[in-house]
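# Commentary on secondary and tertiary structure
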Amino acid sequence: MNILLWHVHGSWTTAFVQGPHTYLVPVTPRRDPDGLGRARTFSWPDSVLEVTPEELGRTQVDLVLLQRPHELGLAERWLGGRRPGRDVPAVYLEHNAPDGNVPDTRHPFADRDDLTLVHVTHFNRLFWDNGSTRTHVIEHGIVDPGHQYTGNLARAAVVVNEPVRRGRYTGTDLLPVLSDAAPLDVFGMRTEGLAAHLGLPADRCRTADLPQQELHAALAERRLYLHPVRWTSLGLSLLEAMHLGMPVVALATTEAVEAIPPGAGTLSTRPEVLARAARRYLAEPEAAAEDGARARQAALERYGLKRFLTDWERLITEVRS
């Protein structure tokens, strides 16, 4: 089939496009957010094709995968008046936890009978008010990067985009106390200036923005993965770290409590508990490696690529029937 989807979430799309279909990704001359085209820092197969808005008007599309509210109108215009959900089967994929007025946050696509709403975690489906719209949960899948963990560097890895802007959502305010327990390497977009913003010495809070393949290798060298996020969907970087064989130290919030089983790390709502766990891993590298091996096994079992693609194939068949 030809599946139309926008390049919105590079890591998630990397898993989705491993399926058996042709994936049409809009591209515009400026490669703006509505036309980014193919990823430049992720490895996508040749079945992902760039298409211009003009080309979409005369292209067969068998399914539209929406990820942002405005894409519904955008798709109808670019598809020459074909309406997603009416003339072309459609799914709305919600990546995020609700933001604002929780737990009464109403989803923009609540009470619709023309499409299916898919959440990436059970937590998200629980907290969004979906109304009468048909809903499913398809949990994340990961392209396995392999068991790369060495933990040779006695530092904690954190992956977050825009930590200064996002602040308390991503637990940025917790980083100073956690950096006392373990020096931090924070990876992600727009992380520059983070140490100065937090008033930390540069060696206690280093930053970098790396492409995915380089990021995996860098993460695997760090002793542990730190996930201080208060409120978000389940970060794919957390699941990637577990696949790499890293032990996890994480706030017990949102879906993290389901994703990280006992023996794979430490979960707590108390930052001081997380700090103690980080200190222990720095002092006991063998314990870190053992917990990381259990984290990898748990991630492979629950967030493996085969299960993810199978779940999506089942849903696509249902939507098109």
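Residues numbered from 1 in each chain as written. Predicted model: local features only at pLDDT ≥ 70, side-chain atom pairs only at ≥ 80, totals over all residues. Heavy atoms only, no water.

What follows concerns the sheet that holds strand β13 (residues 265-268). With parallel pairing, six strands are arranged side by side in an open sheet as β10-β9-β8-β11-β12-β13. Only two strands of the sheet have a single neighbouring strand rather than two, namely β10 (205-208) and β13. Neighbouring strand axes in the sheet, compared pairwise and without regard to direction, differ in orientation by 20° on average. Sheet analysis places strand β9 (residues 184-187) next to β10, joined by four bridges and oriented parallel. Across the sheet, residue Asp185 finds its bridge partner in β10, namely Arg206. (Pairing = 2+ DSSP bridges. Helix = DSSP H or I, 4+ residues; strand = E, 2+ residues; numbered from the N terminus. Axes fitted to C-alpha atoms, helices over the stretch in contact; angles between N-to-C directions.)

Position of Arg86 among the secondary structure elements: in the loop between α3 (71-78) and β5 (90-94). Residues Arg86 and Asp114, 28 residues apart in the sequence, show an inter-C-alpha distance of 6.3 Å. Non-local contacts of Arg86, meaning those with residues more than four positions away in its chain, are made with Asp113 and Asp114. (Contact = heavy atoms within 4.5 Å.)

Below, the discussion takes up the sheet that holds strand β7 (residues 134-137). Read from one edge of the open sheet, seven strands run β3-β2-β1-β4-β5-β6-β7, paired in parallel fashion. Each edge of the open sheet carries a strand with a single partner, namely β3 (48-51) and β7. Averaged over all adjacent pairs, the angle separating strand axes in this sheet is 25°, with direction ignored. Here four bridges tie strand β2 (residues 22-26) to β3, and the two strands are oriented parallel to one another.

On to the environment of Leu49. Mapped onto the elements, Leu49 comes out in strand β3. Along the sequence, Leu49 and Arg296 sit 247 residues apart, while their C-alpha atoms lie 32 Å from each other. Not counting chain neighbours up to four residues away, the residues in contact with Leu49 comprise Thr22, Tyr23, Leu24 and Val25.

A volume near 1,700 Å³ is recorded for the largest pocket. In this structure, the largest pocket is lined by 50 residues; those nearest its centre are Val8, His9, Asn161, Arg166 and Met189. The dominant element in the lining of the largest pocket, judged by the number of residues it contributes, is helix α9 (residues 236-244), at three residues. Here the lining of the largest pocket is composed, by residue class, of 20 nonpolar, 18 polar and twelve charged. If you add up the space inside the second largest pocket, you get close to 290 Å³. (1 Å grid on protein atoms, 1.4 Å probe; cavity = no way out; pocket = protein on both sides within 12 Å on 5 of 7 lines; lining within 4 Å. Points joined across faces, edges and corners; volume = space filled by probe spheres on them. Nonpolar A, V, L, I, M, F, W, Y, C, P; charged D, E, K, R; others polar.)

Attention now moves to the nonpolar core. Grouped together as the largest cluster of nonpolar side chains are 75 residues, with contacts concentrated most on Trp12, Phe16, Leu65, Leu219, Ile260 and Trp312. The residues contacting Leu219, other than those within four sequence positions of it, are Ala157, Val159, Phe187, Tyr225, Leu244 and Met246. Within the second largest apolar cluster, 19 residues are counted, among which are Leu4, Val51, Leu66 and Trp78. (Core = buried A, V, L, I, M, F, W, Y, C linked by side-chain atoms within 4.5 Å. Buried < 20%, exposed > 50% of the residue type's maximum accessible area, 1.4 Å probe, protein only.)

What follows concerns the pairing of strand β1 (residues 2-5). Looking down a regular strand, the side chains alternate between one sheet face and the other. Burial along β1 is two-sided: the face carrying Asn2 and Leu4 and the face carrying Ile3 and Leu5 are both buried. Relative to β2, β1 is paired through three bridges, and the arrangement is parallel. Residue Leu4 lies in a different strand from β2, and its bridge partner there is Leu24. The β-α-β motif built from β1, the intervening helix α1 (residues 10-16) and the parallel element β2 has right-handed crossover chirality. In this structure, β1 lies alongside strand β4 (residues 63-66), joined through three bridges in parallel fashion. Of the residues in β4, the one forming a bridge with Leu4 is Val64. (Right-handed = clockwise from strand over helix to strand, strands pointing away.)

The next point concerns empty space enclosed by the protein. In total, this model carries one cavity of 30 Å³ or more according to the counting rule given. Taken as a whole, the largest cavity spans an internal volume of roughly 30 Å³. Looking at the largest cavity, the residues that line it are Ile3, Phe16, Gly19, His21, Tyr23, Leu309, Trp312, Glu313 and Ile316. For the lining of the largest cavity, a count of residues per class yields six nonpolar, two polar and one charged.

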